[in-house]
Amino acid sequence: MSGNAWSDLLLALVTLPLAWRLRAGRPGVAGAFILIGLAAVFGVLRYSGIDMALGPHRFFSLVAACSGLPMLAVSRCWPNGEVASRGAAAGRFGVLAAGIGVLLVGIVGFTLWSDVVAAASALLIVWAAVPACRALPLLAGWLLVVSFMASATGIAFAPFTAVQELHILMAISLALIGWEELRGATGGRAVKQVV
């Protein structure tokens, strides 16, 4: 198994168990982790030499960037909102955001869309953590920002490749976010519930 496969395996081992544990109380976060985890699972297969996994890996990576990360950002910014707290709303958000991503990237050819959405989502996660002034949510958000910057620029620190760096930094960031979510301390911006 290559280094890229190992780093994707790490990402899958972080996100999928957290998705399972968060599914009832935080469906928006769980849905985001599932989409990222699926991309990572297909990445393990792709980077392990299974050529048939290339298409599914690209598709789920696109969906994770265009739908999973925005769903996570929305769930962190508005922890009491519909997307964060209701499975049906999270599902609708996920399908709509994924559809827009597939349309813009796959059909129109606007390939930067997934990078822009992923980076904007990471910045939104940082923004959501600022009012709480807690170190872990801020660190998690900034790790996501750094991971996308490193991936976009191709900067990698030995012995890692840019892909491995992206996976490892995302895994650490998402583990921190998942840990905060499991503790029930979302660190996000609160919204007033309309009854």
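Placed above this text is the structure.
Before going into details, it helps to say that this report is about the structure given with it. (Residues numbered from 1 in each chain as written. Predicted model: local features only at pLDDT ≥ 70, side-chain atom pairs only at ≥ 80, totals over all residues. Heavy atoms only, no water.)

Attention shifts here to the nonpolar core. In this structure, F33, L72, F148, M170 and L174 are the most contacted members of the largest nonpolar core, which totals 42 residues. Residue assignment for this core shows that the elements contributing at least two residues are α1 (3-22), α2 (27-47), α3 (54-77), α5 (87-108), α6 (112-129), α7 (135-153) and α8 (162-183). Tallying contributions element by element places α3 first for this core, with nine residues. In contact with L174, not counting residues within four places along its chain, are L11, V14, T15, L18, F33, I36 and L72. (Core = buried A, V, L, I, M, F, W, Y, C linked by side-chain atoms within 4.5 Å. Buried < 20%, exposed > 50% of the residue type's maximum accessible area, 1.4 Å probe, protein only. Helix = DSSP H or I, 4+ residues; strand = E, 2+ residues; numbered from the N terminus. Contact = heavy atoms within 4.5 Å.)

Moving on to the packing of aromatic side chains. Ring pairs (aromatic) are described by centroid distance and by the angle formed between their planes. A complete count under the given rule lists three aromatic pairs for this structure. With a centroid separation of 5.3 Å and an interplanar angle of 5°, the aromatic rings of F42 and F60 are classed as stacked. You can see F42 sitting in helix α2 and its partner F60 sitting in helix α3, a full 18 residues away along the chain. Owing to a relative accessible area of 22%, F42 belongs among the partly exposed residues under this scheme. Judged by centre distance (6.2 Å) and plane angle (45°), the ring pair of F110 and W113 falls under tilted. (Phe/Tyr/Trp six-rings, centres within 6.5 Å; stacked < 30°, edge-to-face > 60°.)

With that settled, the discussion passes to the environment of A118. Its place among the elements puts A118 in helix α6. Those residues in contact with A118 that sit more than four places away from it in its chain are A65, L69 and F148.

Tallied over the entire structure, the rule returns zero disulfides. C77 supplies the cysteine sulfur nearest to C66, a cysteine that is in no disulfide, at a spacing of 18 Å. (Disulfide = S-S within 2.5 Å.)

As a further point, take the layout of surface pockets. Looking at the largest pocket, its volume works out to about 800 Å³. The wall of the largest pocket is formed by 32 residues, among which S61, A65, D115, S151 and L166 lie closest to the centre. Within the residue set of the lining of the largest pocket, elements represented by two or more residues are α1, α2, α3, α6, α7 and α8. No other element matches α3, which puts seven residues into the lining of the largest pocket. Tallied by class, the residues present in the lining of the largest pocket amount to 21 nonpolar, seven polar and four charged. (1 Å grid on protein atoms, 1.4 Å probe; cavity = no way out; pocket = protein on both sides within 12 Å on 5 of 7 lines; lining within 4 Å. Points joined across faces, edges and corners; volume = space filled by probe spheres on them. Nonpolar A, V, L, I, M, F, W, Y, C, P; charged D, E, K, R; others polar.)

Further remarks concern the pattern of salt bridges. Applying the stated rule across the entire model yields four salt bridges. Here R26 and E181 are joined by a salt bridge, their closest N and O atoms 2.6 Å apart. Within this pair, whereas R26 is found in the loop between α1 and α2, its partner E181 is found in helix α8, the two being separated by 155 residues in sequence. Each member of the pair, R26 together with E181, is buried. A salt bridge links E82 to R86, with the nearest nitrogen and oxygen atoms 2.7 Å apart. Among the residues examined, E82 registers a relative accessible area of 43% and is labelled partly exposed. Overall, R86 belongs to the partly exposed group, its relative accessible area being 40%. (Salt bridge = Lys/Arg side-chain N within 4 Å of Asp/Glu carboxyl O.)

These figures come from the coordinates and say nothing about function on their own.
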